[in-house]
Each structure stands twice: as C-alpha cells, then as structure tokens.
Amino acid sequence: MSERPETDHELIAAYVGGDAAAFDRLYARYRLPLYGYLNRLVHGDAATVDDLFQQTWSRILDALPRYRDEQRFLSWSFRIAHNAAMDHYRGAAKGVVELSDEVAAVVPDEQMRTAWEQLAGDELREALAEGISRLAAEQREVVLLRQQGLSFQEIADVQRSPLNTVLGRMYYAVRHLRRHLAAWC
Amino acid sequence: MECEKIQRQIVESAPGAELPAPVREHVARCVVCRGVQKTQEALMKTMSMQAEPSAALDDVVRGLARSRLAGVRTGGAPLSGWRLWVRFAAAAAVAVAGILAFTLFLRPAGEKDVTLAGVQAPAASRSGFAAGAMPWDYDVTRSLAETLLMDALSEKTEAPRPSPLEESLMDAEVSLVVVETDEDNGSTN
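Criteria and thresholds
Residues numbered from 1 in each chain as written. Chains lettered and ligands numbered in written order. Predicted model: local features only at pLDDT ≥ 70, side-chain atom pairs only at ≥ 80, totals over all residues. Heavy atoms only, no water. Core = buried A, V, L, I, M, F, W, Y, C linked by side-chain atoms within 4.5 Å. Buried < 20%, exposed > 50% of the residue type's maximum accessible area, 1.4 Å probe, protein only. Helix = DSSP H or I, 4+ residues; strand = E, 2+ residues; numbered from the N terminus. Contact = heavy atoms within 4.5 Å. Buried area = accessible area lost by both parts, 1.4 Å probe. Salt bridge = Lys/Arg side-chain N within 4 Å of Asp/Glu carboxyl O. Polar contact = N/O pair within 3.5 Å; in protein donor to acceptor, adjacent residues only side chain to side chain. Nonpolar A, V, L, I, M, F, W, Y, C, P; charged D, E, K, R; others polar. Axes fitted to C-alpha atoms, helices over the stretch in contact; angles between N-to-C directions. Parallel < 35°, antiparallel > 145°, perpendicular 65-115°, else oblique. Left-handed = near helix turned anticlockwise from the far one by under 90°. pLDDT = per-residue confidence, 0-100. Phe/Tyr/Trp six-rings, centres within 6.5 Å; stacked < 30°, edge-to-face > 60°. Disulfide = S-S within 2.5 Å.

**Student:** Run through the nonpolar core, naming residues and quoting values.
**Tutor:** By size, the foremost hydrophobic cluster in this structure holds 70 residues, and its most contacted members are Phe 53, Trp 57, Phe 73 and Met 170 of chain A together with Leu 43 of chain B. The dominant element in this core, judged by the number of residues it contributes, is helix H2 (residues 20-42) of chain A, at 12 residues. Residues within four places of Met 170 of chain A in sequence aside, it is in contact with Val 142, Val 143, Arg 146 and Phe 152 of chain A together with Val 11, Gln 40, Leu 43 and Met 44 of chain B.

**Student:** Give a detailed account of the interface of chain B and chain A, specifying residues and quantitative values.
**Tutor:** Interfaces are often sized by the accessible area lost when the parts come together. Every contact between the two is made by 36 residues of chain B and, on the other side, 45 residues of chain A. Around 3800 Å² of area is buried between chain B and chain A when both sides are counted, 65% of it from carbon and sulfur atoms. At the boundary of chain B and chain A, one finds five salt bridges. Among the ionic pairs, Asp 24 of chain A bridges to Arg 62 of chain B, the shortest N-O distance being 3.9 Å. At the boundary of chain B and chain A, one finds 10 residue pairs in polar contact (both at pLDDT 80 or more). Residue assignment for the side of chain B that touches chain A shows that the elements contributing at least two residues are helix H1 (2-12), helix H3 (31-45) and helix H4 (55-73) of chain B. It is H4 of chain B that contributes the most residues to the side of chain B that touches chain A, 11 residues altogether. In terms of residue class, the side of chain B that touches chain A is built from 19 nonpolar, seven polar and 10 charged.

**Student:** Residue-level account of the packing of H2 of chain A against helix H9 (residues 137-147) of chain A, with values.
**Tutor:** All names here are of chain A. Direction vectors running N to C along H2 and H9 enclose 160°, while the axes themselves pass 10 Å from each other. Between H2 and H9, the crossing angle belongs to the class labelled roughly antiparallel. When you trace H2 past H9, the crossing you get is right-handed. Of the residues in H9, those touching H2 at Tyr 37, Arg 40 and Leu 41 are Arg 140, Glu 141, Leu 144, Leu 145 and Gln 147. Tallied by class, residues from the contact of H2 with H9 come to four nonpolar, one polar and three charged.

**Student:** Which residues make up the confidence of the model for chain A, and what values do they have?
**Tutor:** In this model, chain A carries an average pLDDT of 78, and 79% of its residues clear a pLDDT of 70 or more. Every residue in residues 95-121 of chain A is under pLDDT 50, and counting partners more than four places away or in other chains gives 34 contacts.

**Student:** Can you break down the environment of Val 142 of chain A residue by residue, with the values?
**Tutor:** All names here are of chain A. As for its placement among the helices and strands, Val 142 is situated in helix H9. In this structure the C-alpha to C-alpha distance between Val 142 and Ala 173, which are 31 residues apart in sequence, comes to 8.5 Å. Excluding residues within four positions of it along the chain, Val 142 makes contact with Phe 152, Ile 155, Gln 159, Val 166, Arg 169 and Met 170.

**Student:** Go over unusual backbone geometry, please, and point to the residues and values.
**Tutor:** One non-glycine residue, Arg 160 of chain A, lies in positive phi territory at about 50°. Its location among the elements puts Arg 160 of chain A in the loop between helix H10 (152-159) and helix H11 (163-180).

**Student:** Summarise the pattern of salt bridges; cite the residues concerned and give the values.
**Tutor:** Considering all chains together, one arrives at 13 salt bridges over all chains under this definition. Here the salt bridges do not stand alone but share partners, grouping Asp 24 of chain A together with Asp 59, Arg 62 and Arg 66 of chain B into one network.

**Student:** Explain the packing of aromatic side chains to me, using residue names and the numbers behind them.
**Tutor:** The description of two aromatic rings rests on the distance between their centres and on the angle between their planes. Residues and elements named next belong to chain A. One pass over the full model with this rule turns up 13 aromatic pairs over all chains. Ring geometry for Phe 53 and Trp 57: centres 6.3 Å apart, planes at 70°, overall edge-to-face. Of this pair, Phe 53 and Trp 57 both sit in helix H3 (residues 46-63), four residues apart, which is roughly one turn of that helix. Trp 57 matches Phe 53 in its accessibility class, with the two residues each being buried. Relative to Tyr 172, the ring of Tyr 171 lies with its centre 5.1 Å away and its plane at 70°, an arrangement referred to as edge-to-face.

**Student:** Which residues make up the state of the cysteines, and what are the values?
**Tutor:** Residue and element names in this part refer to chain B. Applying the stated criterion across every chain, the model contains zero disulfides over all chains. Here Cys 3 stays free of any disulfide, with the sulfur of Cys 30 as its closest cysteine sulfur at 3.7 Å. Residue Cys 3 is classed as partly exposed on the basis of its relative accessible area of 29%. In this structure Cys 33 is a free cysteine whose sulfur lies 3.6 Å from that of Cys 30, the closest cysteine sulfur available.

This is the structure:
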C-alpha cells in the first residue's frame, strides 16, 4: 500500500510550520523546471542563471507564508522567476550586469554557452535551440513555459497578458521556428 | 485561412494530446501545417533536455530555507541598517510617551506642587528653561511635562490667588533680586 504523495500546499504548510525537510521535497519537485526555464530564458552565462535561480528561491521563501492554494505552485513560482528575470533585464539595460568586453574576451566560448546548448547533441536540437534564442523575448518565454507544462491561462497570468495575446505569441513563435527549421520540418 | 486556423489548433493543443480528426486530415495533405506540427512536436520534446542546478547551488538554496526557518523561530532575521534605527526610534518614542503619561496623569497632585516649588520658576514665566536657576540634576523631560501641564491649565482655568504667606515670600524674593542686581553693578544702597 503506497502513501498518497503530499500536495505542494501540504509541503508548504509543513515548511512554514518548521519542517525543513518538507522544503527539500518541494524543492526537489521544482528545481529542474525553474532552472531549465531560467537557463533558456536568460540565455546567458551559467553564473547569471545560477544567480537568478538563487534569487528566485529566495523570493519564494520570503513569499511562502503568504502562498495560497488558489493557483498551482508551478505557475506561482514561475511568475516569481519571471519577475527575477525581468529585473535582470532591466539591470542589463542599464549596463549593470553586462559583461565587459575584456571579461568576455577571456571567458572561453565553451563556458559562455548555456548548459542547455551543451546538452543539445544532434543538429536538430542545436538548430531548435538557436531558433528559440532568436525569438522575441515574449515569444520565447511562452514557448519555454509551455514546455514546462503550464497552461496558456497560467502563462497569461505569469506574463500578465491577455490569453489571446499569449496564444498569438505561441502561434508566431512556432511559425518562426518552422521557418528556421525548414530543413528538418 | 483554413491553414491558420489549423495551425492555431496545433499550437494550442496540449503537449502529447491527440489532434482532432479534421485537423489530422488537413495535416496529412498540407505540407505547411505538417511542418508546424513537427516543429511543435520537436519543441515539446526538448522538455526532456533539462539543464540542472549544481549540487553546490542546491546546497545554497536548501541552506537559505533553513536559515529563514531559523530566523522565524528566533523572532525574525537579525536587525541591521535602517531597520535597527527604526526599532530604536520606536522604542525611544514609547519611552518618552510613557514618561510624559506618568508625569501628566499618574502622579499624585500634591507631588506636582512640591516639584514646581522645588524648581522655583518665576510666577510670570512657568517655563523651566527660562528660569535660569535650573539645578544640574533637574529632569528636563519632567520640566517640559510640567510646563505643558501648567500652560494647559492656565489657558482653561484662572490662576489661583496666592495666599498671604506666598505673597509675602514673593515680595521678599523680588526685593532680594533688586539687592543682588545693585551689588552686581557695584553700587550698594
């Protein structure tokens, strides 16, 4: 007889009540989706992705006592990750987190590639990765969140955009990718 | 037009879900829509190609969780910077308010008279700061409270008429001041 798996809400309540091990189980569920999302959304160096990942969890920990079971933890945490990434972009726009030319010149290309790119073995995957990276930021995020299993409504909540806008972004993203992958599709 | 509708259905379908029969039929005979479907499939398959955080990063996040928990148990994270100053200012304000409340409302009325007499503030000016003869160990806060109280009372009530004994003492005080002033000027009467 197998035990019923704990719900996210139960784990959160246990953690807020003082059970540190409950957080470990919650973290184990979402570490991969969140890291993968940030890794491909930011499309930067591993250190930036790690920093954003840590920031995301720090914000999640701050907000956990206020978490309500009205939405899935997955989409709730993705919205926090989205906000952390947006803050990163704003900082980058101000030149705060941009790598200087000197630093970029010393860091080998291999290290500058994202972990996901390094994992992509065959040509199709590499082409797909390149195509995704060339998408407009909003379209890329819709694709990435969709890949992580979020519904379009949840993605609309994360992006704070109308549902039709999100659907449109996905539609145009796929069309763009299809052109990019013309040799395979 | 039909292709766009079909492609939207493909894109909006849940990953791995079977497409409706009319969509499948269209895809079978339309190269463009087939390309969109293949792209969509390839896109969704990349879900299995996850990068993952390092063990060190995992440790950092779990450590964060435990430190937050420890902070909650001990009544919050250690105060620092402006939070410390805000807490200090609030404590100081509460302390001053407490002293004022005690001075104004809780002390027996007789004690007020004794203290005022001890200060020997001039009858014309009840301000302890204007008295000029304030003892070194005099409590400024209490003086301020007493001044505020006396000002408030003087606005609402008529000043009590001094007793004959007080009048004679005041007269003696005034004549004493006159003598001291003359001595300071070097002329004695």
